[in-house]
Amino acid sequence: MGQAKRRRDTGGTEGQGTCNGCKLCCIVTAIPEIEKAPFVPCANLCDIGCSIHGKGQPKTCITFNCRYIMAHRLNLKDKEILPHPNDAGAYVALPKDPQNVVMYVDPNDPAKWRGSAMPAYLKTLMLNAGVGVTIIDRGYQFKMDSIDEIDAMASVDLVELSRARGLRPTYALPGE
Ligand code: SF4
Ligand code: SF4
């Protein structure tokens with residue numbers, strides 16, 4: 001499969017099934033090969049996407065699959081219910097572990113996903129595919145094993161609660 005998509009190299013930059021201006025995955029995740037820290041924009045980002053796409057992109061980028069892009073590219077049922085990362089304030093990666101889907105929250109608008117179509121999508125995914133969901137939000141990781149937990153996560157800011165309890169992030173932040 002591979003490289004769908006961090007970030008666009010072909011096709012339009014607008015419209016359904018494309019990144020459409022989203023840069024989230026090139027901001028949120030760490031890319032060890034180029035010492036890119038998580039939660040900072042990659043130095044290789046340019047106006048139309050990745051300036052080194054097809055020109056020696058790190059393996060971490062090449063093996064990444066954005067579930068939204070894949071759903072449209074492969075015409076999967078998911079595409080009817082999975083919101084675009086721009087609308088969700090979060091994106092879902094196709095998992096390396098098929099039993100655990102990972103959703104990454106936009107650190108600049110962390111409340112957005114909770115009011116979007118994403119919680120309903122995650123619940124459908126859990127019901128239909130029997131997977132667990134891990135949410136990465138501002139450095140904190142939350143593992144959801146039941147639909148009730150998704151509802152709970154969508155109703156409160158668990159990062160603020162974690163901070164109030166003195167809990168430290170478990171996903172490395174820049175400078176840590
Ligand atoms: S998260 Fe998905 S839609 Fe957004 S830039 Fe990455 S590949 Fe494109
Ligand atoms: S190297 Fe390119 S694809 Fe990889 S994070 Fe940076 S901008 Fe995105």
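This structure is a prediction, so every number in the text was calculated from the model and none was measured.

What counts as what
Residues numbered from 1 in each chain as written. Chains lettered and ligands numbered in written order. Predicted model: local features only at pLDDT ≥ 70, side-chain atom pairs only at ≥ 80, totals over all residues. Heavy atoms only, no water. Core = buried A, V, L, I, M, F, W, Y, C linked by side-chain atoms within 4.5 Å. Buried < 20%, exposed > 50% of the residue type's maximum accessible area, 1.4 Å probe, protein only. Helix = DSSP H or I, 4+ residues; strand = E, 2+ residues; numbered from the N terminus. Contact = heavy atoms within 4.5 Å. Pairing = 2+ DSSP bridges. Axes fitted to C-alpha atoms, helices over the stretch in contact; angles between N-to-C directions. Parallel < 35°, antiparallel > 145°, perpendicular 65-115°, else oblique. Left-handed = near helix turned anticlockwise from the far one by under 90°. Nonpolar A, V, L, I, M, F, W, Y, C, P; charged D, E, K, R; others polar.

(A) Region of interest: the nonpolar core. In this structure, M103, W113, M118 and L122 are the most contacted members of the largest nonpolar core, which totals 40 residues. For this core, the elements supplying multiple residues, two or more each, are α1 (25-28), α3 (67-73), β3 (90-93), β4 (100-105), α5 (118-129), β5 (132-137), β6 (140-144) and α6 (147-155). Among all residues touching M118, those that are not within four sequence positions of it are L82, P83, A88, A90, V92, M103 and W113.

(B) Expanded view of the pairing of β3. Of the two faces of β3, the one holding A90 and V92 and the one holding Y91 and A93 are both buried throughout. Examined bridge by bridge, β3 and β4 share 4 bridges and lie antiparallel to one another. Along β4, the bridge assignment pairs A90 with V105. A loop of 6 residues connects β3 with β4, the two strands running antiparallel in sequence.

(C) Local environment of the sheet that holds β5. The strand order across the open sheet built from 4 strands is β3-β4-β5-β6, with neighbouring strands paired in mixed fashion. The sheet is open, and its two borders are formed by β3 and β6, each paired with just one other strand. The sheet shows a mean angle of 20 degrees between the axes of neighbouring strands, direction not considered. Pairing geometry for β5 and β6, over 5 bridges, is antiparallel. Across the sheet, V133 pairs through a bridge with M144, a residue of β6. Across the face of the sheet, α6 comes into contact with β5 and β6 while running at roughly 145 degrees to β6.

(D) Spatial organisation of the packing of α5 against α6. Between α5 and α6, whose axes approach to 9 Å, the crossing angle comes to 170 degrees. Classified by the angle between their axes, α5 and α6 sit roughly antiparallel to one another. Classified by chirality, the crossing of α6 by α5 is right-handed. Taken together, the residues of α6 that come into contact with α5 (itself represented by P119, L122, K123, M126 and L127) are I147, I150, D151 and A154. In terms of residue class, the contact of α5 with α6 is made up of 7 nonpolar, no polar and 2 charged.

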